[in-house]
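Here's the letter readout for the chains.
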Amino acid sequence: MELDPDKIPRHIAIIMDGNGRWAKKRLLNRINGHEKGMGVVRTIVQTACRLHIPTLTLFAFSTENWNRPKTEVSGLMMLLRRFVVTERRTMIKNGIRLNAIGQFDKLPPSVRDALQSVMDVTSRNSDMVLNLALSYGARSEIVEMAKQLAIAAKNGDLEPNAITPEIVSDHMYTKGMSDVDLLIRTSGEMRISNFLLWQIAYAELFFTKTLWPDFSEEEFISIIKDYQSRDRRFGAIT
Ligand code: IPE
Ligand code: IPE
Ligand code: MG
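How each quantity is defined
One numbering rule holds for all chains: residues counted from 1, following each sequence as written. Naming scheme: in the order in which they are written, chains are lettered from A and ligands are numbered from 1. With the structure being a predicted model, the display of local features is reserved for residues of pLDDT at least 70 and the display and counting of side-chain atom pairs for 80 or more, all residues being used for whole-chain, interface and lining totals. To obtain the side-chain values, all non-hydrogen atoms of the structure were used and water was disregarded. Counting from the N terminus, the helices are DSSP H or I runs at least four residues long and the strands are E runs at least two residues long. For the exposure calls, accessible area comes from a 1.4 Å probe over protein chains only, and a residue counts as buried if that area is under 20% of its type's maximum, exposed if over 50%, partly exposed in between. Residue contacts are counted whenever heavy atoms from the two residues lie within 4.5 Å of one another. Areas reported here follow the Shrake-Rupley algorithm with a probe of radius 1.4 Å; residue values treat only the protein chains shown as occluding. For the charge count, each Lys or Arg is scored as positive and each Asp or Glu as negative, with His and the chain ends excluded. Charge positions come from single atoms, namely NZ of Lys, CZ of Arg, CG of Asp or CD of Glu. When DSSP finds two or more bridges between two strands, those strands count as paired. In this analysis, axes come from line fits to C-alpha atoms, helices being fitted only over the stretch in contact, and the angle between any two N-to-C directions falls in the range 0 to 180 degrees. We define proximity as follows: a residue is near a molecule or strand when any one of its heavy atoms falls within 4 Å of that partner. Any pair of nitrogen or oxygen atoms within 3.5 Å is treated as a polar contact; in protein, a donor-acceptor pairing is required on top of that, and neighbouring residues in sequence qualify only through side-chain atoms on both sides. In this analysis the probe radius is 1.4 Å and the grid spacing 1 Å, with only protein atoms considered; a cavity is a set of points the probe fits into but cannot get out of, a pocket is an open set with protein on both sides within 12 Å along at least five of seven lines, and lining residues have an atom within 4 Å of a point. To be counted as sitting in a cavity or pocket, a molecule needs more than half of its atoms within 2 Å of that site's grid points. When residues are grouped by polarity, Ala, Val, Leu, Ile, Met, Phe, Trp, Tyr, Cys and Pro land in nonpolar, Asp, Glu, Lys and Arg in charged, and all others, Gly among them, in polar. What we call a nonpolar core is a set of buried Ala, Val, Leu, Ile, Met, Phe, Trp, Tyr and Cys residues that are connected through their side-chain atoms within 4.5 Å. Only Phe, Tyr and Trp rings are paired, with Trp represented by its six-membered ring, and only when their centres lie within 6.5 Å; those with planes under 30 degrees apart are stacked, over 60 edge-to-face, the remainder tilted.

*Asks:* Give a description of the overall build of the protein that names residues and reports values.
*Replies:* The helix and strand inventory of the protein stands at 7 helices and 6 strands. Listed by position from the N terminus, the elements making up the protein come as β-α-α-β-α-β-α-β-α-α-β-β-α. Looking at the protein as a whole, 47% of its 238 residues are labelled buried. Considering only contacts within the protein whose residues lie at least 6 apart along the sequence, 77% involve residues at least 24 apart. Total accessible area on the protein stands at roughly 12600 Å², and carbon and sulfur atoms take up 52% of it. Taken together, the 32 basic and 28 acidic charged side chains of the protein have centroids lying 7 Å from each other.

Below, the structure written as C-alpha coordinates:
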(Lines give C-alpha, C1' and ligand atoms only; values in the text may rest on other atoms or scores of the structure.)
(Ligands and ions follow the chains in the order given, each with its own letter.)
Protein backbone atom coordinates (compact mmCIF):
# COMPACT_ATOMS: atom_id res chain seq x y z
CA MET A 1 0.00 0.00 0.00
CA GLU A 2 1.26 3.42 -0.96
CA LEU A 3 1.18 6.48 1.27
CA ASP A 4 -1.65 8.92 0.69
CA PRO A 5 0.01 12.10 -0.61
CA ASP A 6 -2.91 14.18 0.72
CA LYS A 7 -2.36 13.03 4.29
CA ILE A 8 1.37 13.48 4.71
CA PRO A 9 2.06 14.64 8.29
CA ARG A 10 3.19 18.27 8.29
CA HIS A 11 5.42 17.74 11.26
CA ILE A 12 6.89 14.50 12.60
CA ALA A 13 8.78 14.47 15.90
CA ILE A 14 10.84 11.52 17.07
CA ILE A 15 12.18 10.59 20.51
CA MET A 16 15.12 8.48 19.38
CA ASP A 17 15.53 6.20 22.37
CA GLY A 18 17.23 2.88 23.08
CA ASN A 19 20.82 3.36 21.90
CA GLY A 20 22.25 2.34 25.27
CA ARG A 21 20.16 -0.84 25.50
CA TRP A 22 21.04 -1.74 21.92
CA ALA A 23 24.74 -1.55 22.82
CA LYS A 24 24.31 -3.38 26.11
CA LYS A 25 22.61 -6.32 24.39
CA ARG A 26 25.73 -6.68 22.25
CA LEU A 27 28.15 -6.16 25.16
CA LEU A 28 29.29 -2.93 23.50
CA ASN A 29 29.94 0.51 24.93
CA ARG A 30 26.91 2.85 25.03
CA ILE A 31 28.73 5.15 22.61
CA ASN A 32 28.71 2.37 20.01
CA GLY A 33 24.93 2.43 20.31
CA HIS A 34 24.86 6.19 19.75
CA GLU A 35 27.15 5.79 16.76
CA LYS A 36 24.85 3.18 15.20
CA GLY A 37 21.93 5.48 15.99
CA MET A 38 23.51 8.31 14.00
CA GLY A 39 23.44 6.13 10.90
CA VAL A 40 19.71 5.67 11.41
CA VAL A 41 19.28 9.44 11.77
CA ARG A 42 20.84 9.83 8.33
CA THR A 43 18.42 7.27 6.80
CA ILE A 44 15.32 8.74 8.43
CA VAL A 45 16.21 12.32 7.45
CA GLN A 46 16.60 11.23 3.83
CA THR A 47 13.35 9.28 3.88
CA ALA A 48 11.43 12.17 5.44
CA CYS A 49 12.80 14.47 2.78
CA ARG A 50 11.85 12.08 -0.01
CA LEU A 51 8.33 11.83 1.42
CA HIS A 52 8.04 15.65 1.46
CA ILE A 53 7.54 15.91 5.21
CA PRO A 54 7.78 19.69 5.77
CA THR A 55 9.17 19.50 9.31
CA LEU A 56 11.09 16.76 11.11
CA THR A 57 12.13 17.28 14.74
CA LEU A 58 14.59 14.83 16.30
CA PHE A 59 15.24 14.64 20.03
CA ALA A 60 18.99 14.15 20.15
CA PHE A 61 19.96 15.45 23.60
CA SER A 62 17.75 16.61 26.45
CA THR A 63 18.39 19.15 29.21
CA GLU A 64 18.31 16.12 31.55
CA ASN A 65 20.91 14.22 29.51
CA TRP A 66 23.61 16.54 30.94
CA ASN A 67 23.31 14.38 34.07
CA ARG A 68 24.89 11.41 32.28
CA PRO A 69 28.57 10.49 32.84
CA LYS A 70 31.01 12.99 31.32
CA THR A 71 32.42 10.42 28.90
CA GLU A 72 29.01 9.65 27.45
CA VAL A 73 28.15 13.36 27.14
CA SER A 74 31.41 14.17 25.37
CA GLY A 75 31.06 11.11 23.12
CA LEU A 76 27.58 12.24 22.14
CA MET A 77 28.78 15.78 21.45
CA MET A 78 31.57 14.43 19.28
CA LEU A 79 29.09 12.32 17.30
CA LEU A 80 26.69 15.25 16.91
CA ARG A 81 29.43 17.43 15.54
CA ARG A 82 30.48 14.67 13.16
CA PHE A 83 26.90 14.19 11.99
CA VAL A 84 26.45 17.88 11.22
CA VAL A 85 29.77 18.13 9.40
CA THR A 86 29.32 14.98 7.31
CA GLU A 87 25.68 15.68 6.45
CA ARG A 88 26.30 19.25 5.37
CA ARG A 89 26.53 18.36 1.69
CA THR A 90 23.44 16.15 1.70
CA MET A 91 21.43 18.85 3.44
CA ILE A 92 22.46 21.44 0.86
CA LYS A 93 21.72 19.04 -2.00
CA ASN A 94 18.32 17.99 -0.65
CA GLY A 95 17.10 21.49 0.21
CA ILE A 96 17.02 20.80 3.94
CA ARG A 97 17.16 23.70 6.37
CA LEU A 98 18.94 22.75 9.57
CA ASN A 99 17.70 24.37 12.76
CA ALA A 100 18.98 23.66 16.26
CA ILE A 101 16.37 23.98 18.99
CA GLY A 102 17.25 24.10 22.68
CA GLN A 103 19.83 25.81 24.85
CA PHE A 104 22.33 26.58 22.08
CA ASP A 105 24.70 28.40 24.45
CA LYS A 106 25.16 25.33 26.64
CA LEU A 107 26.62 23.28 23.78
CA PRO A 108 30.41 23.00 23.44
CA PRO A 109 31.87 25.62 21.04
CA SER A 110 32.94 22.97 18.51
CA VAL A 111 29.35 21.71 18.22
CA ARG A 112 27.95 25.25 18.13
CA ASP A 113 30.32 26.31 15.37
CA ALA A 114 29.52 23.28 13.22
CA LEU A 115 25.78 23.79 13.71
CA GLN A 116 25.95 27.53 13.05
CA SER A 117 27.88 27.04 9.85
CA VAL A 118 25.38 24.49 8.47
CA MET A 119 22.40 26.52 9.69
CA ASP A 120 23.80 29.55 7.85
CA VAL A 121 24.53 27.74 4.60
CA THR A 122 21.10 26.02 4.57
CA SER A 123 19.09 29.00 5.83
CA ARG A 124 17.38 29.60 2.47
CA ASN A 125 16.46 25.96 1.88
CA SER A 126 12.76 25.27 1.97
CA ASP A 127 12.10 21.62 1.09
CA MET A 128 12.26 20.42 4.69
CA VAL A 129 13.15 21.84 8.08
CA LEU A 130 15.24 19.52 10.22
CA ASN A 131 15.01 20.58 13.85
CA LEU A 132 17.72 18.98 15.95
CA ALA A 133 16.67 19.21 19.60
CA LEU A 134 19.92 19.67 21.52
CA SER A 135 20.05 20.50 25.19
CA TYR A 136 16.33 20.76 24.64
CA GLY A 137 13.69 20.70 27.38
CA ALA A 138 10.06 21.66 26.83
CA ARG A 139 9.70 23.25 30.23
CA SER A 140 12.66 25.53 29.76
CA GLU A 141 11.30 26.44 26.31
CA ILE A 142 7.98 27.38 27.93
CA VAL A 143 9.76 29.38 30.65
CA GLU A 144 11.71 31.28 27.98
CA MET A 145 8.46 32.08 26.15
CA ALA A 146 6.88 33.33 29.39
CA LYS A 147 9.88 35.58 30.05
CA GLN A 148 9.73 37.07 26.55
CA LEU A 149 6.02 37.80 26.85
CA ALA A 150 6.46 39.25 30.35
CA ILE A 151 9.19 41.59 29.11
CA ALA A 152 7.06 42.68 26.15
CA ALA A 153 4.10 43.32 28.48
CA LYS A 154 6.26 45.23 30.94
CA ASN A 155 7.60 47.42 28.15
CA GLY A 156 4.07 48.21 27.04
CA ASP A 157 4.49 46.34 23.72
CA LEU A 158 1.98 43.62 24.56
CA GLU A 159 -1.44 43.77 26.13
CA PRO A 160 -1.82 40.72 28.45
CA ASN A 161 -5.39 40.25 27.26
CA ALA A 162 -4.17 40.05 23.69
CA ILE A 163 -2.10 36.91 24.34
CA THR A 164 -3.39 34.05 22.18
CA PRO A 165 -2.20 30.52 21.46
CA GLU A 166 -0.74 31.90 18.20
CA ILE A 167 1.34 34.46 20.11
CA VAL A 168 2.59 31.75 22.44
CA SER A 169 3.50 29.55 19.43
CA ASP A 170 5.37 32.47 17.91
CA HIS A 171 7.63 32.57 20.97
CA MET A 172 8.60 28.91 20.88
CA TYR A 173 11.66 27.49 19.11
CA THR A 174 9.29 26.11 16.47
CA LYS A 175 7.97 29.56 15.51
CA GLY A 176 6.39 29.49 12.07
CA MET A 177 6.18 25.69 11.91
CA SER A 178 3.11 23.45 12.13
CA ASP A 179 2.25 21.74 15.37
CA VAL A 180 3.38 18.12 15.57
CA ASP A 181 1.04 15.77 13.68
CA LEU A 182 2.86 12.56 14.59
CA LEU A 183 5.10 11.82 17.57
CA ILE A 184 7.10 8.61 17.49
CA ARG A 185 9.08 7.14 20.40
CA THR A 186 11.28 4.09 19.99
CA SER A 187 12.51 1.61 22.64
CA GLY A 188 9.18 0.81 24.28
CA GLU A 189 9.18 3.62 26.85
CA MET A 190 5.76 5.25 27.01
CA ARG A 191 6.60 8.75 28.14
CA ILE A 192 7.27 12.18 26.70
CA SER A 193 10.44 12.97 28.69
CA ASN A 194 10.00 16.76 28.49
CA PHE A 195 9.79 16.91 24.68
CA LEU A 196 7.70 19.53 22.81
CA LEU A 197 4.91 19.76 25.38
CA TRP A 198 3.20 22.70 23.71
CA GLN A 199 3.55 21.48 20.13
CA ILE A 200 2.20 17.95 20.69
CA ALA A 201 -1.17 19.11 22.09
CA TYR A 202 -3.07 17.18 19.39
CA ALA A 203 -0.34 14.95 17.96
CA GLU A 204 -1.00 11.31 17.14
CA LEU A 205 1.29 9.20 19.32
CA PHE A 206 3.11 6.10 18.19
CA PHE A 207 5.27 3.96 20.46
CA THR A 208 7.39 1.15 19.08
CA LYS A 209 9.47 -1.38 20.99
CA THR A 210 12.19 -1.19 18.34
CA LEU A 211 15.43 0.26 19.72
CA TRP A 212 16.53 3.34 17.76
CA PRO A 213 19.62 1.69 16.16
CA ASP A 214 17.29 -1.01 14.75
CA PHE A 215 14.72 1.49 13.45
CA SER A 216 14.38 1.43 9.66
CA GLU A 217 12.89 3.24 6.71
CA GLU A 218 10.32 0.40 6.39
CA GLU A 219 9.11 0.83 9.96
CA PHE A 220 9.04 4.61 9.58
CA ILE A 221 6.83 4.32 6.50
CA SER A 222 4.56 1.76 8.16
CA ILE A 223 4.07 4.14 11.11
CA ILE A 224 3.11 6.94 8.71
CA LYS A 225 0.62 4.54 7.08
CA ASP A 226 -0.86 3.82 10.51
CA TYR A 227 -1.09 7.57 11.10
CA GLN A 228 -2.92 8.01 7.80
CA SER A 229 -5.51 5.42 8.85
CA ARG A 230 -6.41 7.27 12.05
CA ASP A 231 -9.50 9.39 12.46
CA ARG A 232 -8.38 12.77 13.78
CA ARG A 233 -11.47 14.35 15.20
CA PHE A 234 -9.99 17.24 17.20
CA GLY A 235 -12.90 17.03 19.59
CA ALA A 236 -15.54 17.26 16.89
CA ILE A 237 -17.73 14.51 15.44
CA THR A 238 -17.03 12.99 12.05
C1 IPE B 1 18.74 7.72 23.28
O2 IPE B 1 19.26 6.53 23.73
C3 IPE B 1 19.80 8.74 22.96
C4 IPE B 1 19.93 9.80 23.99
C5 IPE B 1 19.15 9.97 24.99
C6 IPE B 1 21.02 10.73 23.82
P7 IPE B 1 19.60 6.26 25.24
O8 IPE B 1 21.03 6.62 25.46
O9 IPE B 1 18.65 6.94 26.15
O10 IPE B 1 19.43 4.69 25.32
P11 IPE B 1 18.80 3.85 26.50
O12 IPE B 1 17.46 4.43 26.81
O13 IPE B 1 19.75 3.97 27.64
O14 IPE B 1 18.71 2.47 25.95
C1 IPE C 1 14.85 11.18 25.91
O2 IPE C 1 15.41 9.95 26.18
C3 IPE C 1 15.87 12.10 25.32
C4 IPE C 1 16.35 11.74 24.00
C5 IPE C 1 15.92 10.76 23.24
C6 IPE C 1 17.39 12.59 23.48
P7 IPE C 1 15.98 9.58 27.60
O8 IPE C 1 16.45 8.17 27.52
O9 IPE C 1 16.96 10.59 28.03
O10 IPE C 1 14.69 9.72 28.52
P11 IPE C 1 14.21 8.91 29.79
O12 IPE C 1 15.36 8.90 30.76
O13 IPE C 1 13.87 7.54 29.33
O14 IPE C 1 13.02 9.66 30.26
MG1 MG D 1 16.89 6.37 26.95
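Past the structure itself, the notes keep going.
*Asks:* Go over the sheet that holds strand β3 (residues 96–101), please, and point to the residues and values.
*Replies:* Ordered in space as β3-β4-β2-β1-β5-β6, the 6 strands form an open sheet in which the pairing is parallel. Among the strands making up the open sheet, the edge pair consists of β3 and β6 (204–207). If you compare each strand with its neighbour and ignore which way they point, the axes differ by 20° on average. Relative to strand β4 (residues 128–136), β3 is paired through 6 bridges, and the arrangement is parallel.

*Asks:* Before we move on, can you summarise the site of ligand 2 with the specific residues and values?
*Replies:* Close to ligand 2 lie I15, M16, D17, F59, A60, F61, N65, R68, R185, R191 and S193, which account for all nearby residues. D17 is positioned such that a nitrogen or oxygen atom in its side chain is 3.2 Å from an oxygen atom of ligand 2. In isolation ligand 2 exposes 390 Å². Once the protein is present, 78% of that is buried. Under a 2 Å grid-point criterion requiring more than half of the atoms, the pocket assigned to ligand 2 is the largest pocket. Here the element with the most residues in the shell around ligand 2 is strand β2 (residues 55–62); it accounts for 3 residues. Each residue belonging to the shell around ligand 2 can be placed in one class, and the counts come to 5 nonpolar, 2 polar and 4 charged.

*Asks:* Could you give me a rundown of the nonpolar core, with the residues and numbers involved?
*Replies:* The biggest cluster of nonpolar side chains holds 49 residues, and the ones touching the most others in it are I14 and L115. Apart from residues no more than four positions distant in its own chain, L115 is found in contact with V84, L98, A100, F104, L107, L132 and L134. Counting 13 residues, the second largest nonpolar core, distinct from the first, contains F59, V180, L196 and A203.

*Asks:* Account for the site of ligand 1, with residues named and values stated.
*Replies:* Residues in contact with ligand 1 amount to 13 residues; listed here are only the nearest, D17, G20, R21, R30 and R68. Here an oxygen atom of ligand 1 sits 2.9 Å away from a polar atom, N or O, in the side chain of R30. The pocket occupied by ligand 1, as judged from atoms lying within 2 Å of grid points, is the largest pocket. For the shell around ligand 1, the elements supplying multiple residues, two or more each, are α1 (19–25), α2 (30–50) and α3 (70–93). Here the shell around ligand 1 gets 3 residues from one element, more than from any other, and that element is α1. When the residues that make up the shell around ligand 1 are grouped by side-chain class, the tally is 3 nonpolar, 5 polar and 5 charged.

*Asks:* Let's hear about the packing of aromatic side chains: which residues, and what values?
*Replies:* All chains considered together, the criterion is met by 8 aromatic pairs. Measuring from ring centre to ring centre gives 4.2 Å for F59 and F195, while their planes differ by 5°; the resulting arrangement is stacked. With F59 in strand β2 and F195 in the loop between β5 (182–185) and β6, the pair connects residues that are 136 residues apart, well separated along the chain. For the ring pair F61 and W66, a centre distance of 4.8 Å and an interplane angle of 70° mean the geometry is edge-to-face. The class for F61 is buried, based on a relative accessible area of 0%. For W66, a relative accessible area of 29% corresponds to the partly exposed category.

So, to be careful, I would describe these as geometric facts and stop short of saying anything about function.
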